[in-house]
Every structure is written in structure tokens, then in C-alpha cells.
Amino acid sequence: RDRCRSLRAIWANRMTLHVRHGGVLTTVQDPGRSGWRHLGVAHAGALDPAQASLANRLVGNPADAAVLELTLRGPVLEFPQPTRIALCGARIDAHFEDVHARRHPVPVGRPVTLPAGVLTLGAIRNGLRAWLAVAGGIDVPCVLGSRSTDLRGGFGGIDGRALHEGDLLPIGAHPAIEACTPEASTPASPDWWIALNVAASMQDAIRYVPGELPEALSLTERAWTVDTRSDRQGLRCNGDGIVATAGEQISAPVAPGTIQLPPDGKPIVLLADAQTVGGYPRLGHVIAADLPRLAQWRAGDALQFVAVDAIAARTAAQRRRSEIARLHWAIDRALGHPQES
């Protein structure tokens, strides 16, 4: 009997999710793969690391645990035992069906304790992406120090690709969870819903620090929309092209946030899966505080840019880090999670 209890305790702390449907583009992501760009390895990672970290803190995970990044429409996941989840980012249609075929809505921005059953994550409504954290984290192997999926490189996550039907997702060890019906908690933070309101943030212009090219400020003078070819490598802009005074240059280092000007004059903002070098002229760099916001722009959405200086960029980055740290503290205090060092 004691041995059976011991085995049940071990099972209660680990499990494997069954993927019934992979969604449009669902990948395993964490804060990203740092320290390898000199060897041509992309950073990868969640396109909005703050939203991923907030989802993690809601379920009691370390902020850097691996999560699922959902694009346009989420997956269908089967949970073989009780667990705790949290969804952050854009609003998403989500419901849970328990073993008795009863359907329950699942809210965004709150920790939700679920019994065994099936979680269906449908259309994303007021943006493009959301992030799903599961207590224990997605426990796929680390590759070059990260569990993130590098779609261009074809490694990390689940074989370097998006999820599809039949995949099994291992979940890391976590305290045993008991649940008979879904139950959601609400963190007591007055700023919480403001931080989650990605739709409101899309009304503001994207700030960037202009480069030295004469046409660098032309970016602010035109109205842009998001091109259908945009992906995790880069957000492509549609609009009246900017005529470059300089042609392609000798390839030089680029990074997420770099704004390139290809021959058609329509800028590309590099995102998390960006290459490490490029020869297109560079108009500038999107500031760190605003780059994660671009994760939510859909094809056809209007997009504006505004130029700022390096001092404003640093100030905005410091303010954003402070806001996220304060939210982590408020969540941990409200939900009784241990404070991270």
C-alpha cells in the first residue's frame, strides 16, 4: 500500500499532454536562446516574453519556464489528470470539457485549475497571439540552453516544428493538484487588466531609434499596414515604398528590432526568429519596450512609427521592466506563490 501511495504521488507531480489538434501555429517557447548569435543561431523565444512570464507566474512556475505560443487559433489539448493553466496575451475563445462531457468557459489572465479533460483553444480575437502556461512548464529537452522552437533552424521544442495531432508534451514536476470542476482565481492587482489589454496598446505608434541613413525618418511620414507574408522572422510593412539612397551593403549584424529596407522600399521589422546578418540598408531599431507589441499585429492592420532618441528608449525599457516586476510581485503575493530571487 505504501508503495502504491508513493507511485501515485510521483504521477501526481508529472504528466504528459496529448495534442488532439495543433492549431494554426503552436510552438514551445521560453525567453529564448541567448549567446549563440555569433555562430548564426537565432534568438527565437516568445515574441512577447513579458506575457509568457506573467502566464507562468499565474500558475506558480518560474518566469522563464517553457510555454505554448498560440497564433491565430489555438490547439486542442487533452489533460489526463488535474492541472493548473493560465492564458495571457490576446483574447482567445477557450473552453474545457470534463470527463462527463460538461463544457466550461476558460478566462484569460487568471489561473484556472482544471480536472482531467480536454481544453479547446479557438480563435484569437483582438490580436494575433496568446501564451499558455501549464503548472510545471513544458518539459521538452533544452537545446543550446533553451527549450524554444527555432522554426527556421528546425530544432528545439518538438523537433523544431509547430505542434500537430498526436504529439505528446511532457510537463515538468509540480505540486499535486486536485480538482473536480474548473475553478478560476483572480490576482488582486489593480494594474493587471491594463497589462493584459493588448488591443489598447495596438492603437499607439511603434517607437524606434532612427539610423544614420537620410531616409530613416521617412518611416514616420507614411501610413503602413501589415503584409500577409509577416511571420516570426519579421513583420513586413505595406504602403508607399521608401526610396533608398544606398543599395544593398556588405552584410552586417542585425538583431530582433532592426528595421531593414529591402529593394521594394517596404520596411521589414525583424522579430525573434530573425537571421543574424543582413545586407539591406537599416532604417533604425524598434525600442525594446515596443518590440513585443508587434506580436499582436495581424495582416492588414494599420501600423505607424514615431522616432525617439536613445535616452527615451532606455527610459521606456526601464519603465517596462519595473511594471513587469511589480506585476510578478503582486501575482505572487495574491496567490501565495514563493517569491523569485
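The following paragraphs examine the structure supplied in this document. (Residues numbered from 1 in each chain as written. Predicted model: local features only at pLDDT ≥ 70, side-chain atom pairs only at ≥ 80, totals over all residues. Heavy atoms only, no water.)

Another aspect to go through is the overall build of the protein chain. Within the protein chain, the regular secondary structure consists of five helices and 22 strands. By the burial criterion, 50% of the 341 residues in the protein chain qualify as buried. (Helix = DSSP H or I, 4+ residues; strand = E, 2+ residues; numbered from the N terminus. Buried < 20%, exposed > 50% of the residue type's maximum accessible area, 1.4 Å probe, protein only.)

Before going further, it helps to spend a moment on the layout of surface pockets. Looking at the second largest pocket, its volume works out to about 250 Å³. Taken together, 17 residues line the second largest pocket, and the ones lying closest to its centre are Leu128, Arg129, Ser230, Asp231 and Trp297. Of the residues that constitute the lining of the second largest pocket, the class distribution is nine nonpolar, three polar and five charged. (1 Å grid on protein atoms, 1.4 Å probe; cavity = no way out; pocket = protein on both sides within 12 Å on 5 of 7 lines; lining within 4 Å. Points joined across faces, edges and corners; volume = space filled by probe spheres on them. Nonpolar A, V, L, I, M, F, W, Y, C, P; charged D, E, K, R; others polar.)

With that out of the way, let us pick up the pattern of salt bridges. If you walk through the whole model with that rule in mind, you get 14 salt bridges. A salt bridge links Asp98 to Arg102, with the shortest nitrogen-to-oxygen separation between them at 2.9 Å. The exposure class of Asp98 is buried, given its relative accessible area of 6%. Taking the shortest distance from any N to any O, the salt bridge between Asp290 and Arg207 comes out at 2.8 Å. With Asp290 in the loop between strand S20 (282-286) and strand S21 (302-303) and Arg207 in strand S13 (residues 206-210), this pair connects stretches of sequence that are 83 residues apart. (Salt bridge = Lys/Arg side-chain N within 4 Å of Asp/Glu carboxyl O.)

Each regular strand displays side chains that alternate between the two surfaces of the sheet. Summarising burial for strand S10 (residues 129-134): six of the six residues are buried, a large majority. Of the two faces of S10, the one lined by Arg129, Trp131 and Ala133 and the one lined by Ala130, Leu132 and Val134 are each fully buried. Direction of pairing for strand S5 (residues 83-89) relative to S10: antiparallel, over a ladder of five bridges. When the sheet's bridge partners are listed, Leu87 is paired in S10 with Leu132. (Pairing = 2+ DSSP bridges.)

On the basis of which strands lie adjacent, the open sheet formed by six strands has the order S7-S6-S9-S4-S1-S11 and antiparallel pairing. The open sheet terminates on both sides in strands that have one partner only, identified here as strand S7 (103-105) and strand S11 (168-171). Adjacent strand axes in the sheet meet at a mean angle of 25° when their direction is disregarded. (Axes fitted to C-alpha atoms, helices over the stretch in contact; angles between N-to-C directions.)

A few words now on the sheet that holds S10. Ordered in space as S2-S3-S10-S5-S8-S12, the six strands form an open sheet in which the pairing is antiparallel. Where the open sheet ends on each side, the last strands, each with one partner, are strand S2 (25-29) and strand S12 (183-184). Pairing geometry for S2 and strand S3 (residues 67-71), over five bridges, is antiparallel. Within S3, the position partnered with Thr27 by the bridge is Glu69. The strands touched by helix H2 (residues 49-58) within the sheet are S3, S5 and S10, with S5 carrying the most contacts at an inclination of about 155°. (Contact = heavy atoms within 4.5 Å.)

If you check helix H5 (residues 310-335), its first and last C-alpha atoms are 38 Å apart, about what 26 residues at 1.5 Å a residue would give, namely 38 Å. Of the residues making up H5, those classed as buried are Ala313, Ala316, Ala317, Ile324, Leu327, His328, Ala330, Ile331 and Asp332. Capping the start of H5 is the job of one residue whose side-chain oxygen sits 3.3 Å from the backbone nitrogen of Ile311: Asp309. Immediately beyond the C-terminal end of H5, within one or two residues, lies Gly336, with a positive phi of roughly 75°. (Expected span 1.5 Å × (residues − 1). Polar contact = N/O pair within 3.5 Å; in protein donor to acceptor, adjacent residues only side chain to side chain.)

Not every positive phi belongs to a glycine, and Leu72 is a case in point at roughly 70°. In this fold, Leu72 is placed in the loop between S3 and strand S4 (76-79).

Honestly, it's all geometry; don't read function into it.
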